[in-house]
Amino acid sequence: MFALALVALVGSGIGSADTVSRTAEPAPNNTTVPDDGPAYGVNNSTFQRLWSGDSDQPDLSSDAFNSWNTSRPEFFRRLAMTTDVPFDRPPEAVEAWNSGDLRDFAPGNHSRSIHPDGVRLRNSEFIRDAYLAVYAVQPSTIVHQSNGTTHYIAPDGEVLTTADFRVQTPDGDPIGPIRRSWDISEARIQTVALEAQNETQDTSSGHTTTLEYAGLSGNRTLTVRAEIVVEAEEVIRSCNNFNGSTRECNEEWNVTINEHTDSVNVTANRTVQVNDLSTATIERVAFRDGSERDGAILQPNSTWGRIIVDDADGVGVRSGYLYYTAGNENWHTLTTSAAIWNETHESSVRPLQVHAFPRPSGTSILHGSADWSWKPLRIQHSEATEVAAPTIPPNFHVDSGAPYSETNRLVVTSTEYDTGTFQQATVYGVVRSQSRTVSSSSVKTVQETMVTVDIVAPEAAGTTLRIWVGETDGTPVQHGRVHVGSRTVRTNDDGVAFVTIQNPPSLVEVAYDPLPWWSTDRPHTPSREIKQMPLDLPSMTDILNLTIVTLLWFIPVAVLLFGVDYASDGALLGIRETESHE
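Everything in this summary refers to the structure shown in the same document. (Residues numbered from 1 in each chain as written. Predicted model: local features only at pLDDT ≥ 70, side-chain atom pairs only at ≥ 80, totals over all residues. Heavy atoms only, no water.)

As a further point, take the overall build of the protein. Of the regular secondary structure elements, the protein holds 4 helices and 32 strands. Across the 582 residues of the protein, 43% fall into the buried class. Sequence separation of at least 24 residues holds for 70% of the intrachain contacts in the protein that already meet a minimum separation of 6. Accessible surface, the protein: about 30300 Å² in total, of which carbon and sulfur atoms supply 48%. (Helix = DSSP H or I, 4+ residues; strand = E, 2+ residues; numbered from the N terminus. Buried < 20%, exposed > 50% of the residue type's maximum accessible area, 1.4 Å probe, protein only. Contact = heavy atoms within 4.5 Å. Areas by Shrake-Rupley, 256 points an atom, 1.4 Å probe, with all protein chains shown as cover.)

The next thing to look at is the side chain of R409. Relative to the helices and strands, R409 resides in strand β22 (residues 404–414). A polar atom in the side chain of R409 sits 2.7 Å from the backbone oxygen of W518. With sequence-adjacent residues up to four places away left out, R409 is seen in contact with I297, L298, Q299, H381, S382, E383 and W518. (Polar contact = N/O pair within 3.5 Å; in protein donor to acceptor, adjacent residues only side chain to side chain.)

The subject of this paragraph is the sheet that holds strand β15 (residues 315–318). Whenever strands of a sheet pair, they do so through backbone hydrogen bonds, lying parallel or antiparallel. If you trace the 5 strands from one edge of the open sheet to the other, you get β20-β15-β14-β23-β24, paired in antiparallel fashion. In this open sheet, the two strands that pair with only one neighbour each are β20 (364–367) and β24 (435–439). Taking the axes of each pair of neighbouring strands and ignoring which way they run, one obtains an average angle of 25° across the sheet. Direction of pairing for strand β14 (residues 304–309) relative to strand β23 (residues 424–429): antiparallel, over a ladder of 5 bridges. Paired with I307 across the bridge in β23 is V427. (Pairing = 2+ DSSP bridges. Axes fitted to C-alpha atoms, helices over the stretch in contact; angles between N-to-C directions.)

With that settled, the discussion passes to the packing of aromatic side chains. The geometry of an aromatic ring pair is captured by the separation of the ring centres together with the interplanar angle, meaning the angle of the planes. By the definition in use, this model includes 13 aromatic pairs. Each ring, one from F242 and one from W253, has its centre 6.4 Å from the other, and the planes form 65°; the classification is edge-to-face. On the criterion of sequence distance, the pair formed by F242 in strand β9 (residues 242–243) and W253 in the loop between β10 (248–249) and β11 (254–274) is long-range, its members being 11 residues apart. Exposure remark for W253: the relative accessible area of 18% places this residue in the buried category. Considering the side-chain rings of F357 and F396, the 5.6 Å spacing of their centres and the 50° angle between planes classify their relative orientation as tilted. Placement of the pair is F357 in strand β19 (residues 352–358) and F396 in the loop between β21 (378–387) and β22, with a sequence separation of 39 residues. The pair formed by F357 and F396 is uniform in burial state, with each residue classed as buried. Taken together, the aromatic side chains of Y40, F47, W51 and W97 make up a single cluster linked through ring pairs. The ring of W253 has R237 sitting right over it, with the charged end atom 4.9 Å from the ring centre. (Phe/Tyr/Trp six-rings, centres within 6.5 Å; stacked < 30°, edge-to-face > 60°. Lys NZ or Arg CZ within 6 Å of the ring centre and 35° of its normal.)

So, on to the sheet that holds strand β12 (residues 281–287). A sheet is described by the order of its strands in space; here 5 strands give the open sequence β21-β22-β13-β12-β25, paired in mixed fashion. Strands at the two margins of the open sheet, each flanked by one partner only, are β21 and β25 (443–446). The sheet shows a mean angle of 25° between the axes of neighbouring strands, taken without regard to direction. Note that β21 and β22 share 9 bridges and pair antiparallel. Within β22, the residue paired with T385 across the bridge is E406.

Now for the pairing of strand β13 (residues 294–299). In the case of a regular strand, side chains alternate between the two sheet surfaces. The buried fraction of β13 amounts to 5 of the 6 residues, a majority that puts the element mostly inside the structure. Examined bridge by bridge, β12 and β13 share 6 bridges and lie antiparallel to one another. In the sheet register, I282 faces β13, and the bridge partner there is L298. Count of turn residues in the β12/β13 antiparallel hairpin: 6 residues, of which G290 carries a positive phi of about 75°.

Below, the discussion takes up the state of the cysteines. Under the defined criterion, the tally for this structure stands at 1 disulfide. A sulfur-sulfur separation of 1.9 Å characterises the disulfide bridge that pairs C239 with C249. Of note, the bridge from C239 to C249 carries an S-S torsion of about 85° and is right-handed in sense. Of this pair, C239 sits in the loop between β8 (219–238) and β9 while C249 sits in strand β10, and the two are 10 residues apart along the sequence. For the pair formed by C239 and C249, the shared burial category is buried. (Disulfide = S-S within 2.5 Å.)

This paragraph deals with helix α2 (residues 72–82). Among the residues of α2, those classed as buried are F76, A80 and T82. The arc that holds the buried residues of α2, viewed along the axis, is 155°, so those residues lie on one side. Of the surrounding secondary structure, the elements contacted by the buried residues of α2 are α1 (44–49). (Arc of directions from axis to C-beta.)

To continue, consider the pattern of salt bridges. In this structure the tally under the stated criterion is 13 salt bridges. The closest approach of N and O atoms between E383 and R409, which form a salt bridge, is 2.9 Å. Within this pair, whereas E383 is found in strand β21, its partner R409 is found in strand β22, the two being separated by 26 residues in sequence. You can call E383 partly exposed: its relative accessible area is 31%. The class for R409 is buried, based on a relative accessible area of 13%. One network of salt bridges, in which partners are shared, links E186, R188 and E231. (Salt bridge = Lys/Arg side-chain N within 4 Å of Asp/Glu carboxyl O.)

By size, the foremost hydrophobic cluster in this structure holds 30 residues, and its most contacted members are I153, V159, F165, L222, V224 and I228. Listing elements by their share of this core, those giving two or more residues are β3 (127–145), β4 (148–167), β5 (178–196), β7 (208–213), β8 and β11. Considering every element that reaches this core, the biggest residue donor is β8, with 6 residues. For V159, the residues in contact, after removing those within four places along its chain, are V134, A136, V137, L194, T209, T210, L211, Y213, L222 and V224. Core analysis: the next-biggest nonpolar cluster, separate from the first, contains 20 residues, A280, L298, L410 and V412 among them. (Core = buried A, V, L, I, M, F, W, Y, C linked by side-chain atoms within 4.5 Å.)

These values are about where atoms sit, not about what they do.
Right, here's the structure in full:
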């Protein structure tokens, strides 16, 4: 750990306006990975991936990743040197690191205060440079969205804090007949309290604390308050017979001791939102169409991370979020404040924070432990809102610079799992450890349908079709659309629709298009019917009339031709054979 150099106090009583600033050598590097890791139970490979936002070397050669001589931790170290490496879910290692790292925070003493950037320093009569900082809220995730960021927490968690101060008493008076000196009896951070929802959640004391909260909901402000108390003795020595030449008292000194108590309250807060999964639901769906498939309608109704089908060996769906972890930039350096100088140096502690960024590719299937070539689920439909890409913070190498979908409803189907498999699922939020198991007590059945087509007596205006749509047991279908060519009509309460067609073809296809099965309480399958239109043959009267007309036209012509041929003795038309004369 970074060791603070002990610097002697050169003179007390000088105000903060007279302090000077200096930077310890070497100059702090705000983007380096802590050199005291891995530690606190975090394995080496995971540790290398935790520090997104550090300075990367994108031009690192491929030789650096030679798998023949690179261990797994070393591979991830080199990969993290070139880019930021995401997690597919919030890593537990963040909390292990923060809890362990907090114990390494070394506060100052009565003459100096050590604090991170961004804190508000407070002074009082004896107390100087007092502050309280929220070191971490965990588990928690900062979600980056198009409209900014939201700091999500679990309903139960903890707040880690640091606090420090220094003490400055008035100058003493070591000469003269009345002499004053000061002794610090006690200086302490007496009470540190966590408040939320208008009540105190937990209390502790000291320079570092871990405060617990439970049962939170909605949008909240976590407020931490600390009372710093200093007790000092003012010793006054007075002399009634003072020798000005020797500056000694010619008799006993009169000693008076005055007790002084000074206190200051310091606060810190975080605005957060509880990742609420209480309204998540699952609904099972069965199909009666011979497709041998079943499905489910999943509604997280929250900002969610993944949904696992409980009886499917880890199979499920995941949202479009990827998770990165990065150190808090306010803790890259620490400042030591003394009476006449301030010194900035590299921080010996580096709290981590989980961040979530949306992927433009959106939701996808989780295969669990199965082979990726296996397709256990299919996303049939999703209801999502298209939103603009979030702003990427500096030094983050995140592929999230395109519009993305916020999915709040998913429809999945499977030919591998039946409705019993979909009876229960677990919805995981974007905060580690935050989940809720939901169940479906009933099954929605997609009913098979049939279409019948009857021809109403043809009219001059065209041929009218009576179309009936119903379930296989005869129950009429009261919703949906019927398509006949380019025409679309809706069925009435009896499942009937009428369509008039001008000059119909010999074959007419009628198709029933139901409402999507995920959007109605009584879903149906599509169906179709092809109707053979009757041939338009002439009537018997028309045939007789045509025959008579034909005879009336052709008999006179035949007689005329025969007469001409007879008169020419068959020589002209050849109908009558001509006799030969010798």
